[in-house]
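Residue strings, one per chain:
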Amino acid sequence: MTAPYTPGPRSRIKRNPKRGSYDRATVHAILDSAMLAHVAYTIDGQPYCTPTIHWRDGETLYWHGSSASRMLRAQGPGLPVCVTVTHLDGLVLARSAFNHSANFRCAMVFGKAHLVDDAAEKERALYAVTDRLFPGRNAELRPMTTQEIKATSVVRMEIEEASAKVRGVNVGDDEEDGTWPVWAGVIPVTTVIGPPEPSPVLPDTIPLPAHLSAFAAGRALDTVLQDSFTRWQEES
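Keep in mind that what you see is a predicted model, and the values were worked out from it rather than measured. (Residues numbered from 1 in each chain as written. Predicted model: local features only at pLDDT ≥ 70, side-chain atom pairs only at ≥ 80, totals over all residues. Heavy atoms only, no water.)

1. Some points on the overall build of the protein chain
For clarity, the threshold we go by: Numbering of helices and strands runs from the N terminus, with a helix taken as a DSSP run of H or I at least four residues long and a strand as a DSSP run of E at least two residues long. Summary of the burial criterion: residues with accessible area below 20% of their type's maximum are buried, those above 50% are exposed, and those between are partly exposed, where the area comes from a 1.4 Å probe applied to protein chains only. Note on contacts: a residue pair is in contact if any heavy atoms of the two residues lie within 4.5 Å. Where accessible areas are quoted, they stem from the Shrake-Rupley method and a 1.4 Å probe; at the residue level, only the protein chains shown are allowed to cover. The convention is simple: Lys and Arg are positive, Asp and Glu are negative, and His and the chain ends are not counted. Charge placement uses NZ in Lys and CZ in Arg. For Asp and Glu, CG and CD serve respectively.
The helix and strand inventory of the protein chain stands at five helices and nine strands. Each helix (α) and strand (β) of the protein chain, taken in turn from the N terminus, gives the series β-α-β-β-β-α-β-β-α-α-β-β-β-α. Projected onto its principal axes, the C-alpha coordinates of the protein chain cover approximately 65 × 50 × 40 Å. Across the 236 residues in the protein chain, those meeting the buried criterion constitute 38%. A sequence separation of at least 24 residues applies to 72% of the contacts in the protein chain between residues at least 6 apart. Surface accessibility of the protein chain: about 13,600 Å² in total, with carbon and sulfur atoms responsible for 57%. Here the protein chain contributes 24 positively and 27 negatively charged side chains, and the mean placements of these two sets differ by 5 Å.

2. Quick look at a nonpolar patch on the surface
To keep things clear, this is the line we draw: Any residue with relative accessible area above 30% and no salt bridge may belong to a patch, with like charges joined within 9 Å and the nonpolar Val, Leu, Ile, Met, Phe, Trp and Tyr side chains within 5 Å. Every case where a carboxyl oxygen of Asp or Glu lies within 4 Å of a side-chain nitrogen of Lys or Arg is listed as a salt bridge.
On the surface, a nonpolar cluster with roughly 400 Å² of combined accessible area is contributed by Leu88, Leu91, Trp183 and Ile187. Looking at where Leu88 falls in the secondary structure, it is placed in strand E5 (residues 77–93).

3. Remarks on the packing of aromatic side chains
Two measures describe an aromatic ring pair: the distance that separates the ring centres and the angle between the ring planes. What counts here: Stacked, tilted and edge-to-face are the three classes applied to pairs of Phe, Tyr and Trp rings, where Trp contributes its six-membered ring and a pair requires centres within 6.5 Å; stacked means planes under 30 degrees apart, edge-to-face means over 60, and tilted covers the rest.
Inspection of every chain in the model, using the stated rule, returns four aromatic pairs. With a centroid separation of 5.3 Å and 40° between ring planes, the pair formed by Phe134 and Phe215 is classed as tilted. In this pair, Phe134 sits in the loop between helix H3 (119–133) and helix H4 (146–150) while Phe215 sits in the loop between strand E9 (185–188) and helix H5 (221–235), placing the two residues 81 residues apart along the sequence. Residue Phe134 is classed as partly exposed on the basis of its relative accessible area, which comes to 25%. Assessed through its relative accessible area of 16%, Phe215 is described here as buried.

4. Brief notes about H5
Our working rule: The length a helix should cover is 1.5 Å for every residue beyond the first. In this description, the arc belongs to the directions extending from the helix axis to the C-beta atoms.
With 15 residues, H5 extends 21 Å from end C-alpha to end C-alpha; this agrees with the ideal 21 Å at 1.5 Å per step. Of the positions making up H5, those classed as buried are Val224, Leu225, Ser228, Phe229 and Trp232. Seen end-on, H5 carries its buried residues on one side only, within an arc spanning 135°.

5. Quick look at the pairing of strand E7 (residues 152–158)
To keep it simple, the criterion reads: Strand pairing is defined by DSSP finding a minimum of two bridges between the two strands.
In terms of burial, E7 is a largely internal element, five of the seven residues being buried. Sheet topology note: the strand E4 (residues 60–66)/E7 ladder contains seven bridges and is antiparallel. Residue pairing across strands places Leu61 opposite Met157, the latter belonging to E7. Inspection of the sheet shows strand E6 (residues 101–115) paired to E7 by three bridges, in the antiparallel sense. Its bridge partner lying in E7, His114 is registered against Arg156.

6. Overview of the pattern of salt bridges
Going through the model one piece at a time under the given rule, you end up with 13 salt bridges. Measuring nitrogen to oxygen at the nearest pair gives 2.8 Å for the salt bridge that ties Arg105 to Asp222. Of the two residues, Arg105 sits in strand E6 while Asp222 sits in helix H5, which places them 117 residues apart along the sequence. We note a salt bridge from Lys112 to Glu160, for which the minimum N-O separation is 3.3 Å. Highlighted residues: Lys112 in strand E6 and Glu160 in the loop between E7 and strand E8 (161–167), separated in sequence by 48 residues.

7. Some details on the side chain of Asn138
The condition is simple: Identification of polar contacts relies on pairs of N or O atoms within 3.5 Å, with a donor-acceptor requirement for protein atoms, meaning one able to donate a hydrogen and the other able to accept it, and with residues adjacent in sequence counted only if both atoms are side-chain atoms.
Note on placement: Asn138 falls in the loop between H3 and H4. Reaching out from Asn138, the side chain makes a polar contact with the side chain of Asp131 at a distance of 3.2 Å.

8. Digging into the environment of Val39
The residue Val39 is located in strand E2 (residues 36–43) in this model. Taking C-alpha positions, Val39 is 42 Å from Glu176, a pair spaced 137 residues apart along the chain.

9. Side note on the nonpolar core
For clarity, the threshold we go by: Nonpolar core, defined: a set of buried Ala, Val, Leu, Ile, Met, Phe, Trp, Tyr and Cys residues in which side-chain atoms within 4.5 Å join the residues together.
Trp63, Val83 and Val109 are the most contacted members of the largest nonpolar core, which totals 27 residues. Of all the elements in the fold, those that place two or more residues in this core are helix H1 (24–32), E2, E4, helix H2 (70–75), E5, E6, E7 and E8. Of all hydrophobic cores here, the second largest spans 11 residues; its members include Tyr62, Ala125, Val154 and Phe229.

Here's what the structure looks like:
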């Protein structure tokens, strides 16, 4: 059994700790079933928070962007960063405004960002960002060019501390509000896959490939991404 993360001053959950978890599987599932993360950092005393596509390999998080990116250049020398991922699962409507809430899953991870300088690791990482989302797609794509790899920076972060926080219950009304005559409950929220929209110049003879079968219209995005991540790990 894998040991949980050890909470430290940055990651220890103080507000509603019963909703918190340091279990690695819980943290990893939240990270792996999301497409976007937010990376928070400070440059010359000014805080920034940048959305980016991320992927995980073991205890390492990766993200990438333009080689001209100020964010990536600043993070490269080992800048401390905080990476967060959040899933919104429901709108919680109580019998008082104070007790309205949301159902959610979120992960917060801490570490130091480093530019990936090794050419082989960088190329593997750039192929991994596609395979993590669409396993098997790289085999059908035009290979990346040397200029495309040069124009892209990759950042890696070893997870030093991490925690998750989850709310997945119904209304938490005060006892005396239980008979107040207003509707109360949860409105579920799910991001779902829509029907594919082919490129305007795609020949009719080219069908949707088998490796995209998981992206069936109506499926929940987080389920699709978790399945894709699991398949990528199994095939790596």
